[in-house]
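# A closer look at the structure
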Amino acid sequence: MPKLIKDGVITPNEWTLLEKPEGDAASQEVPAGKVIVPLTVWQAQKETLQQRNDIGVWLDSGELASELGDDAKSLPLVAVHFPLFMDGRGFSTARLLRERFGFTGELRAIGYFLRDQLCYLRRCGVNAFEFTHNEISLEDALESLNDFTEYYQASVDQPLPLFRRRH
Amino acid sequence: MYIYDEYDHNILRERIAQFRAQTGRFLDGDLKPEEFLPLRLQNGLYVQRLAPMLRINVPYGMINSTQLRRLAHIARHYDKGYCHVTTRQNIQFNWPDLTEVPDILAELAEVQMHGTQSSGNCIRNTTSDPFAGVAEDEQVDPRPYCEIIRQWSSFHPEFAFLPRKFKIAVTGSASDRAAVHVHDIGLEVLKNEAGETGFRVYVGGGLGRTPVIGSLIREFLPEEHLLSYLEAILRIYNQSGRRDNKYKARIKILVKAVTAEVFAAQVEQEWNHLKDGYTRLTREEIERARSFFTSPDYQTLDGKAAQADVDDQALQNVGFAKWLRRNVRGHRIPGYAAVTLSLKPTGVAPGDITDTQLERIADLADEFSFGEARTTHEQNIVLADVRKSDLFALWQKADTFGFATANIGTLTDIICCPGGDFCSLANAKSIPIAEAIQRQFDDLDYVYDLGDLNLNISGCMNACGHHHVGHIGILGVDKKGEEFYQVQLGGSSSNDTSLGDVLGPSFSAADMPVVIQKLIDVFISNRTDEELFIDTYRRIGAAPFKERVYAKAH
């Protein structure tokens, strides 16, 4: 079974990622088991899919957190896709899912991102990292998770900015 | 000046350790060049035409003598004995060895300097008024807010991979010396009628390929909301800015596309979610930031007597008198003055400075200005707190060291990017053009008679030399492998910000001094009294200039 980093440890990946359908999202078959479906499939088949407790949803980089909105609360997993490491939209998406839409489940980064982005992603609320594009040593990548131990700004991992803790 | 505490030091040490490891992985072949690219850029490291280039931040232009001496050491030991003051108040080294960059950054960190986010698609060094804290027309000192922004924007986890670079400028004076209308975000800090401090917020200004004057999106933002409001703007931009075309990725394109009104409404909506969160500034934090920018230990002086003495010295020494007129300006404290050291003597690339000169400036700062100096976006150095009674002694020393060229604000105080001699983006050289123009106008008295006149040169349309906002702007263009120069007239980066109009077809490098001379001739024959070039141009328009420059030879 392929592996990923979750909550700071290397663990087996139990979820299957469903690609975006070429045709109609409503008629896309969603297999049994733990599946991460594209946002369009979730939206088209929400009534059926929300009966299940093994469905996650992934957002592409152009899909805003608000398009999933309060649905996030009921999901065990939401993934944010990075088509390329230079595309930083997912950092905002992750923060919004955590801070505005109250998502508490597994927030997973998928796609082509760098181990050097792990610390910032973690700060934005991502707690699972699945490198679907690049061959990477997860053991090495773990080292980057805590590149910084102190921060100026508020974020998901530390809601108090440094100026509220410094005095 | 802001002084680091253990938090600041720790964060910077962790950054250097991170970059040292990244550089090692790149050199070992474990990190692809395209993956290393954004990482090195966000530590200030470019790979340029001839060698790497390392850009070091000078936060809002403030630098002390210890830092100046460390820069001199870096220039001497790791580079070729000089560096360059940029149009964003930063310092660039042109010849560092990639493998030594982590060591350079570690040496700089010891004196509280870094290259963090000095390039790349992230929030860059915040710039400000080089006369902040001493200007007579200042309403509020912008530097505490610049420092608050510096800390908030440094290593911001959400905004390190924006669609494009992002530049913020802050001014606190009636007269804008920070060009806030041509920044991604421009902030004017001021007091409202109730005496409360806040910001006028402009968004979507910028130069580059598509020059745009920023739009006012908020008339008064109370100071405690500074960071939450910036966060709202950056979040909208990060989510909605274009990423399909790097030339359309700046926030100015987004603001234009949706209109400033709609953008302002989007920001307001996002901000409503954020404004009462923990990012709202506390009174203690604003006071803490202010506590670093209190007045130095000024003496109580008789301002009138000091001025009378200076006037006497000026009567006896013409050179000193000229320098006073161009390079010295008023100060809010009686008996003090602010001095600009010119980095624009003819024959030196504008803004270039040697290791020894850096040390001399450090010495001058220690002797005459409480150990502090400022870099300016016009690529000069300011000593902001000089006693008027010391001006003559300072002038003599500055003259010996080569900083006393009395040309500040004149035609020969040229803003100029490194251009094709150094920069891999450039289409044309810019430094030799600056030098040729300086040589054409080598009679300082003639130049003084022209009054304030900004001439800005960029070697390509990325506009690092700010040519769009020069009274005279020069843009290097490439035509079938040959370098040509387009001329623009009527730009300004002051309160009356305007973008220059293209005069017409471009000229060869050899023609440029004569072309500028013809433009000046038209100005002289049309100006009234003491009228400035920009005002004459605005009054008479481009036609007389075009006629003269493009007239067929008889």
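In this convention, every chain numbers its residues from 1, walking through the sequence in written order. All chains are assigned letters beginning with A, and all ligands numbers beginning with 1, in the order in which they are written. Where local features are concerned, this predicted model is filtered to residues with pLDDT of at least 70; where side-chain atom pairs are given and counted, the filter is 80 or more; whole-chain, interface and lining totals use all residues. As a rule here, side-chain values come from all non-hydrogen atoms in the structure, and water together with hydrogens is ignored.

Going by an unreviewed UniProt entry, chain B carries the name Nitrite/sulfite reductase and comes from Cellvibrio polysaccharolyticus.

As named in an unreviewed UniProt entry, chain A is DUF934 domain-containing protein, taken from Cellvibrio polysaccharolyticus.

### Side note on the overall build of chain A
To qualify as a helix, a DSSP run of H or I must reach at least 4 residues; to qualify as a strand, a run of E must reach at least 2; elements of each kind are numbered from the N terminus. Helices and strands together make up the secondary structure of chain A, namely seven helices and eight strands. Scaling as 2.2 N^0.38, a compact globule of 167 residues should have a C-alpha radius of gyration of about 15 Å, and chain A matches this with 16 Å. In terms of overall dimensions, chain A has C-alpha extents of about 55 × 35 × 25 Å along its principal axes. Taken across its 167 residues, chain A has 57% of its residues classed as buried. Two residues qualify as a contact provided that any one of their heavy atoms is within 4.5 Å of a heavy atom in the partner residue. Here the contacts in chain A between residues at least 6 apart in sequence split such that 47% fall between residues at least 24 apart. Two residue types count as positive, namely Lys and Arg, and two as negative, namely Asp and Glu; His and chain ends fall outside the count. Working definition for charges: the position is that of NZ of Lys, CZ of Arg, CG of Asp or CD of Glu. Averaging the coordinates of the 18 positive side-chain charges in chain A and doing the same for the 25 negative ones gives two points 9 Å apart. Every radius of gyration here is taken over C-alpha atoms, with the globule rule written as 2.2 Å times N^0.38, N being the number of residues. Relative accessibility thresholds used throughout: buried, under 20% of the residue-type maximum; exposed, over 50%; partly exposed, between the two (1.4 Å probe, protein chains only).

### Re helix α12 (residues 355-368) of chain B
Residue and element names in this part refer to chain B. What a helix is expected to span follows from its residue count: subtract one and scale by 1.5 Å. Between its terminal C-alpha atoms α12 stretches 20 Å, which fits the 20 Å expected from 14 residues at 1.5 Å a residue. The complete set of buried residues in α12 reads Asp355, Gln357, Leu358, Ile361, Ala362, Leu364, Ala365 and Phe368. Looking one or two places after α12, you find Phe370, whose phi comes out positive at around 55 degrees.

### Focus on the packing of helix α1 (residues 6-27) of chain B against helix α2 (residues 33-41) of chain B
Residues and elements named next belong to chain B. Between α1 and α2, the least distance of the axes is 10 Å, while the angle of their chain directions is 160 degrees. What the angle tells us is that α1 and α2 run roughly antiparallel. Like other packed secondary-structure pairs, α1 and α2 cross with a definite hand, here left-handed. Taken together, the residues of α2 that come into contact with α1 (itself represented by Phe19, Gln22, Thr23 and Phe26) are Pro33, Phe36, Leu39 and Arg40. Helix axes are fitted to C-alpha atoms over the stretch in contact, other axes to C-alpha atoms as well, and angles between N-to-C directions run from 0 to 180 degrees. Roughly parallel refers to an angle under 35 degrees, roughly antiparallel to one over 145, roughly perpendicular to one between 65 and 115, and oblique to any angle outside these ranges. The sense of a crossing depends on the near helix, which, turned anticlockwise from the far helix by less than a right angle, makes the crossing left-handed and, turned clockwise, makes it right-handed.

### Regarding the interface of chain B and chain A
Counting from both sides, the interface comprises 47 residues of chain B and, opposite them, 38 residues of chain A. For the pair chain B and chain A, the summed buried surface comes to about 3,900 Å²; carbon and sulfur atoms form 56% of the total. By definition, the buried area sums, over both parts, the 1.4 Å-probe accessible area that each loses when the two are put together. Ranking the residues of chain B by area buried against chain A places Pro157(B), Phe161(B) and Tyr278(B) at the top, with a combined share of 19%. For this document, the term salt bridge refers to a Lys or Arg side-chain nitrogen within 4 Å of an Asp or Glu carboxyl oxygen. For the salt bridge of Glu270(B) with Arg100(A), the shortest nitrogen-to-oxygen distance reads 2.7 Å. Counting of polar contacts relies on pairs of N or O atoms within 3.5 Å, with two restrictions inside protein: one atom must be capable of donating a hydrogen and the other of accepting it, and residues adjacent in sequence are counted only when both atoms are side-chain atoms. At the boundary of chain B with chain A, the tally comes to 22 residue pairs in polar contact (both at pLDDT 80 or more).

### A short note on the UniProt feature "domain: Nitrite/sulphite reductase 4Fe-4S" (unreviewed entry) in chain B
Residue and element names in this part refer to chain B. UniProt positions are given in the numbering used here, feature names are shortened, and annotations may be inferred rather than shown by experiment. Per the UniProt annotation, the sites labelled "domain: Nitrite/sulphite reductase 4Fe-4S" (unreviewed entry) are residues 119-273 and 411-549. Measuring from the first to the last C-alpha atom of residues 119-273 gives 30 Å, for a span that is 31% helix and 18% strand. Helix makes up 34% of residues 411-549 and strand makes up 19%, while its end C-alpha atoms are separated by 18 Å.

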